[in-house]
Amino acid sequence: MKHALVIGGTGMLSEVVLELLKKYEKVSVIARSSSGFENLKALALHNAGKINSLKFDYCNYTALRDSINQAVMEHGSISLAVSWIHSTAPLAPVVAAKTLNDFEEHCDFFELLGSTYSDPLVNSSGISPGFGAFSNISYHKIVLGFITEMNNSRWLSNNEIARGVIDALENNLDETIIGVVKPWDKRP
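Numbers given for residues are sequential positions, taken from 1 along each chain in its written order. A pLDDT threshold of at least 70 governs which residues receive local features in this predicted model, and a stricter bar of 80 or more applies before side-chain atom pairs are shown or counted, although totals over entire chains, interfaces and linings include all residues. Only hydrogens and water are set aside; all other atoms, that is, all heavy atoms of the structure, feed into the side-chain values.

A.B. asks: An account of the overall build of the protein chain is needed here, citing residue identities and associated values.
C.D. replies: Strands are runs of DSSP state E lasting at least 2 residues, helices are runs of H or I lasting at least 4, and numbering of each runs from the N terminus. Each helix and strand counted, the protein chain has 5 helices and 9 strands in total. Walking the protein chain from its N terminus toward its C terminus, one meets helices and strands in the order β-α-β-α-β-α-β-α-β-β-β-β-α-β. Based on C-alpha atoms, the radius of gyration is set beside the globule rule, defined as 2.2 Å times the residue count to the power 0.38. Against the compact-globule benchmark of 16 Å for 188 residues, the protein chain has a radius of gyration of 16 Å, which places it among compact chains. Its C-alpha atoms give the protein chain principal-axis dimensions of roughly 50 × 40 × 30 Å. Relative accessibility thresholds used throughout: buried, under 20% of the residue-type maximum; exposed, over 50%; partly exposed, between the two (1.4 Å probe, protein chains only). Residues counted as buried form 50% of the 188 residues belonging to the protein chain. Surface accessibility follows the Shrake-Rupley procedure with a 1.4 Å probe radius. Residue values consider only the protein chains on display as shielding. Looking at the protein chain as shown, the accessible area adds up to about 9,300 Å², and 51% of this sits on carbon and sulfur atoms. The sign given to each residue is positive for Lys and Arg and negative for Asp and Glu; His and the chain ends receive no count. Lysine's charge is taken at NZ, arginine's at CZ, aspartate's at CG and glutamate's at CD. Averaging the coordinates of the 16 positive side-chain charges in the protein chain and doing the same for the 20 negative ones gives two points 4 Å apart.

Printed below as a string of structure tokens:
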């Protein structure tokens with residue numbers, strides 16, 4: 001069975017989940033909000049039954065590991081993971097990747113990172129090195145930037161983010177920047 005995982009998939013990544021539902025037999029989605037799942041299922045229409053809703057806070061690393069394990073046991077190996085995790089749970093992406101790696105099946109793991117990843121005053125080099133230890137994980141990085149328009153700048157819309165993520169997934173890109181991150185002093 002083709003099975004994907006989206007961590008943080010009921011908000012700005014809803015469109016990504018909808019796209020994955022066209023290609024995967026099951027899409028496990030982790031989010032905290034019941035209303036988010038209701039909205040996502042309403043958008044999914046006839047594909048709503050392909051969503052495996054995993055409602056919990058990914059700050060709880062034990063629940064994250066156990067939920068991923070349960071999803072794999074019920075729906076098969078996960079070959080694609082998309083992760084949008086806030087800085088309140090800095091170890092969650094590595095916990096998720098380690099859990100997926102332990103199943104000894106290959107998984108493409110796409111991690112979304114906020115624009116501060118590109119801040120020239122912040123050393124962000126330590127964000128992803130832990131993924132190199134996982135032989136069954138191919139790590140992909142997606143950095144969310146901003147849009148410059150004439151003399152102004154703005155943050156990305158959910159639609160722009162979703163289109164950029166879908167492009168990165170379809171083209172299996174190792175590193176993607178959605179929008180721009182330079183010049184840094186022009187960010188909104």
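A.B. asks: Give me the lowdown on the packing of aromatic side chains, citing residues and values where you can.
C.D. replies: Between 30 and 60 degrees the pair is tilted, below 30 it is stacked and above 60 it is edge-to-face, where a pair is any two Phe, Tyr or Trp rings, Trp via its six-membered ring, whose centres lie within 6.5 Å. Taken as a whole and assessed by the stated rule, the structure comprises 4 aromatic pairs. Residues F131 and F134 carry aromatic rings whose centres are separated by 6.3 Å and whose planes lie at 85° to one another, so their mutual orientation is edge-to-face. With respect to burial, F131 and F134 carry one shared label: buried. Residues F146 and W155 carry aromatic rings whose centres are separated by 6.4 Å and whose planes lie at 90° to one another, so their mutual orientation is edge-to-face. Through a chain of ring-to-ring contacts, three or more aromatic side chains come together here, namely F109, F131, F134 and Y139. Above the plane of the ring of Y24 lies K2, whose end atom (NZ or CZ) is 4.9 Å from the centre. Think of it as a cone above the ring: NZ of Lys or CZ of Arg counts as a charge over the ring if it is within 6 Å of the ring centre and within 35 degrees of the ring normal. Positioned above the aromatic ring of Y58 is the side chain of R32, whose terminal nitrogen or guanidinium carbon lies 5.6 Å from the ring centre.

A.B. asks: Explain the environment of G49 residue by residue, including any values.
C.D. replies: Tracing the backbone through its elements, the reader meets G49 in the loop between α2 (34–44) and β3 (51–55). In the structure, G49 is positioned 23 residues away from K26 in sequence and 8.4 Å away in space, judged by C-alpha atoms.

A.B. asks: Quick rundown of the nonpolar core? Include the residues and the values.
C.D. replies: For the purposes of this section, nonpolar cores are sets of buried Ala, Val, Leu, Ile, Met, Phe, Trp, Tyr and Cys residues that join through side-chain atoms within 4.5 Å. In terms of nonpolar packing, the biggest core is built from 33 residues, with L13, L20, V27, L112, L144 and V165 touching the most fellow members. Among the elements of the structure, β1 (3–7), α1 (14–21), β2 (26–31), α2, β4 (80–84), β5 (107–113), β6 (137–144) and α5 (158–170) are those that each provide at least two residues to this core. At 6 residues, α5 tops the list of elements feeding residues into this core. Here a residue-residue contact requires only that any non-hydrogen atoms of the pair lie within 4.5 Å. Residue contacts for L13: discarding those within four places in its chain leaves V6, I7, G8, V82, W84, L112, I161 and V165. Counting residues in each nonpolar core, the second largest holds 29 residues, with A63, A71, Y117 and V181 among its members.

A.B. asks: Hey, could you go over the sheet that holds β2 for me, with residue numbers and the actual values?
C.D. replies: In short, DSSP must find at least two bridges between two strands for them to pair. The 7 strands lie next to each other as β3-β2-β1-β4-β5-β6-β9, forming an open sheet whose pairing is parallel. The open sheet has two free edges, formed respectively by β3 and β9 (175–178), since each of these has just one partner strand. Strand-to-strand, the axes of this sheet are offset by a mean angle of 15°, without reference to chain direction. One ladder, built from 5 bridges, connects β4 with β5; its direction is parallel. When the bridges of β5 are listed, L80 appears paired with D108. Note on geometry: axes are lines fitted to C-alpha atoms, helical ones only across the stretch in contact, with angles between N-to-C directions running from 0 to 180 degrees.

A.B. asks: Any chance you could break down the environment of R154 for me, citing the residues and the numbers?
C.D. replies: Structurally, R154 is set in strand β8 (residues 152–155). Remark: the alpha-carbon pair of R154 and G179, spanning 25 residues in sequence, is separated by 10.0 Å. Sequence-distant contacts of R154, that is, excluding residues within four places in its chain, are made with F146, I147, E149, E160 and P188.

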